[in-house]
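Okay, here's what each chain looks like letter by letter:
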Amino acid sequence: MTVNKEAELRREIEALKKENKELKAQKLNDNKKSVCALSLEEYRRYGRQMQVPEFGGLSSQLKLKNSKILVIGAGGLGSPALLYLAAAGVGKIGIVDNDVVDRTNLHRQIIHDTSTLNLNKAESARIKMRLLNSNIEVVTYPVALTNLNSFQIVEPYDLVLDCTDTPASRYLINDTCVLLGKTIISGSGLRTEGQLTILNFHNQGPCYRCFYPTPPPPNTVTSCSNGGVIGPCIGVLGTMMAVEALKCVVGFYTQENFHPFLTLYSGFAPGQKLRTFRMRSRMSKCKVCNPDVREITREKIEQGVIDYKGWCGAMNYNVLNPQTQRITAKQLSKVDFSDVEHLNPLLDVRPRIQYDISHIDGSINIPYDDLSRSKSVLEGLDPHKKTYVICRFGNDSQLSTKILLERNFEDVKDVIGGLDSWKKDVNADFPSYW
Ligand SMILES: Nc1ncnc2c1ncn2[C@@H]1O[C@H](COP(=O)(O)OP(=O)(O)OP(=O)(O)O)[C@@H](O)[C@H]1O
Ligand SMILES: [Zn+2]
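Residues numbered from 1 in each chain as written. Chains lettered and ligands numbered in written order. Predicted model: local features only at pLDDT ≥ 70, side-chain atom pairs only at ≥ 80, totals over all residues. Heavy atoms only, no water.

For the chain, an unreviewed UniProt entry supplies the name DEBR0S5_02168g1_1 and the organism Dekkera bruxellensis. Heading Subcellular location (unreviewed entry) of the UniProt record for the chain holds this comment: "Cytoplasm, Cytosol". Taken from UniProt, the Pathway (unreviewed entry) comment for the chain reads in full: "tRNA modification; 5-methoxycarbonylmethyl-2-thiouridine-tRNA biosynthesis." (UniProt positions renumbered as here; feature names shortened; annotations may be inferred.)

In structure tokens, the structure reads:
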């Protein structure tokens, strides 16, 4: 080695030593800074979770504190998710919900309570979250997420939890998040079951459209109001969404280790059942997440060219002539059902389980599902006698009336507004469960 070369190497070593010293000092400073970033109260508050090795200690707690999570829907899924995210110390939490707290929500939407009945759900949730943890910022959006506002609302957040309950909302949230590059934690559930997945992970994973390129037919979509739901079952899903959100924020998942998955939960299976399936990666033909074949753009969404509700469709219940084939609840109350010579008993077409909760005395039950599938269920009724048909809100009763007319019943009428109108206009003491 020449003298010159040796001197050069020494200079390089000295420079590296200096750089190393500076980096060490900077790191020390950073640590001091981060130590200061939590208050003494927060050290104690989050102590139990910071101790968990999988969570990742103080640095993960700081990641949570600096994270911004948007939860869309403060219902059955959103309630526990919001509570756990607030409790865990997520620095900024946005809540979108245009609905108000209804008494039928309280058995499962545990962030709300009797004192916040009729209050907007985002505002109601905020009250509970601030009581739970005043260190965090809660931003409320008491509006429906729509084509016009979705980009503005979602943009400032790092991560989105889709806790909504309709396909139209799910597609809108998906497309907005894909186009803004946001990861979505997506949950859904009904009755005793539910599912969970992570979509558009780090803007690389598959999206909702990759899994479901077309929406389900409207007659196969059941809401909690129609199908019912067990509170803790949907609560499990909302809680699992919060767990996945924490894992995303603290860096449990990375680009390298993340594999798309779908978790299915079944609460009323013996011992309960939880299964996780690996899902395929992005679909090459996806209209939103593959830029090469992208048809869905921010401009098209904001201009309303993409019509989510229209595309997902809705059931058409207006199948009768309102003048001749429908009567009001008040008119029904004047009908003399003791005239068995000319009248069939009042036909209630709700599901058996709902009929058993409460029904009008003297009515009989043939559920719409049975009636639409089988002819024999009508054998006890006389097609030559007058028939009145009722359900909860007057939707299935219209479809049933049409079926009866097609099966040669001579005079059939549906009750407008169903039992809901019966309660409002005829008998306030009728026990309503809706
Ligand atoms: N596009 C949207 N923008 C804002 N909130 C939404 C949107 N779509 C759905 N939600 C909200 O998501 C929540 C879903 O809650 P959940 O599934 O428990 O049903 P629900 O509508 O409260 O009850 P039910 O079906 O019994 O009437 C609701 O509070 C609803 O208002
Ligand atoms: Zn996709």
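Once you've had a look at it, read on.
Right, let's get into the packing of aromatic side chains. One pass over the full model with this rule turns up 13 aromatic pairs. With 6.0 Å between their ring centres and 80° between their planes, Phe-337 and Tyr-388 make a pair best called edge-to-face. Within this pair, whereas Phe-337 is found in the loop between α14 (329-333) and β10 (347-348), its partner Tyr-388 is found in strand β12 (residues 386-390), the two being separated by 51 residues in sequence. Overall, Tyr-388 belongs to the buried group, its relative accessible area being 7%. Every member of this aromatic cluster is reached through a ring pair, and the members are Phe-201, Phe-252, Tyr-253, Phe-258 and Phe-261. (Phe/Tyr/Trp six-rings, centres within 6.5 Å; stacked < 30°, edge-to-face > 60°. Helix = DSSP H or I, 4+ residues; strand = E, 2+ residues; numbered from the N terminus. Buried < 20%, exposed > 50% of the residue type's maximum accessible area, 1.4 Å probe, protein only.)

Surrounding ligand 1, one finds 20 residues, the nearest of these being Gly-76, Asp-97, Arg-108, Lys-121 and Leu-145. One nitrogen or oxygen atom from the side chain of Asp-165 is found 3.2 Å from an oxygen atom belonging to ligand 1. Relative to its unbound accessible area of 630 Å², ligand 1 is 84% covered by the protein chains. Split by residue class, the shell around ligand 1 holds six nonpolar, nine polar and five charged. (Near = heavy atom within 4 Å. Polar contact = N/O pair within 3.5 Å; in protein donor to acceptor, adjacent residues only side chain to side chain. Areas by Shrake-Rupley, 256 points an atom, 1.4 Å probe, with all protein chains shown as cover. Nonpolar A, V, L, I, M, F, W, Y, C, P; charged D, E, K, R; others polar.)

By definition, the strands of a sheet pair up through backbone hydrogen bonds, in either a parallel or an antiparallel sense. The strand order across the open sheet formed by eight strands is β3-β2-β1-β4-β5-β6-β7-β8, and the pairing between neighbours is mixed. Of all the strands in the sheet, just β3 (137-141) and β8 (273-278) have a single pairing partner and so form its edges. Across this sheet, the average inter-strand angle for adjacent strands is 15°, counted without regard to direction. Across four bridges, strand β4 (residues 159-162) lies against strand β5 (residues 183-190) in parallel orientation. From the neighbouring strand, Val-160 faces β5, where its bridge partner is Ile-184. Helix α6 (residues 121-132) contacts β2 (92-96) and β3 of the sheet and is inclined by roughly 170° relative to β3. Each of β1 (68-72), β4, β5 and β6 (193-199) touches helix α8 (residues 167-180); the most contacted strand, β5, lies at about 170° to it. (Pairing = 2+ DSSP bridges. Axes fitted to C-alpha atoms, helices over the stretch in contact; angles between N-to-C directions. Contact = heavy atoms within 4.5 Å.)

This chain's UniProt record puts "active site" (unreviewed entry) on Cys-224 and Cys-391. Ignoring sequence-local partners within four residues, the contact set of Cys-224 consists of Arg-108, Gly-189, Leu-190 and Val-229. For Cys-391, the position within the fold is in the loop between β12 and α17 (396-406). In this structure Cys-391 comes out as buried when scored by relative accessible area, which is 4%.

The subject of this paragraph is the pattern of salt bridges. A complete count under the given rule lists 14 salt bridges for this structure. For Asp-175, the salt bridge goes to Arg-209, with nearest N and O atoms at 2.6 Å. Of this pair, Asp-175 sits in helix α8 while Arg-209 is found in helix α9 (residues 208-211), placing the two residues 34 residues apart along the sequence. Comparing Asp-175 with Arg-209 shows no difference in burial state: the two are buried. Here Glu-406 makes a salt bridge to Lys-402, at a shortest N to O gap of 3.1 Å. With Glu-406 and Lys-402 both in helix α17, this residue pair falls four residues apart, about one helical turn. Accessibility expressed as a relative area gives 51% for Glu-406, which makes it exposed. On the basis of relative accessibility, which here comes to 34%, the residue Lys-402 falls in the partly exposed class. Residues joined by salt bridges that share partners form a network here, namely Glu-155, Arg-298 and Glu-302. (Salt bridge = Lys/Arg side-chain N within 4 Å of Asp/Glu carboxyl O.)

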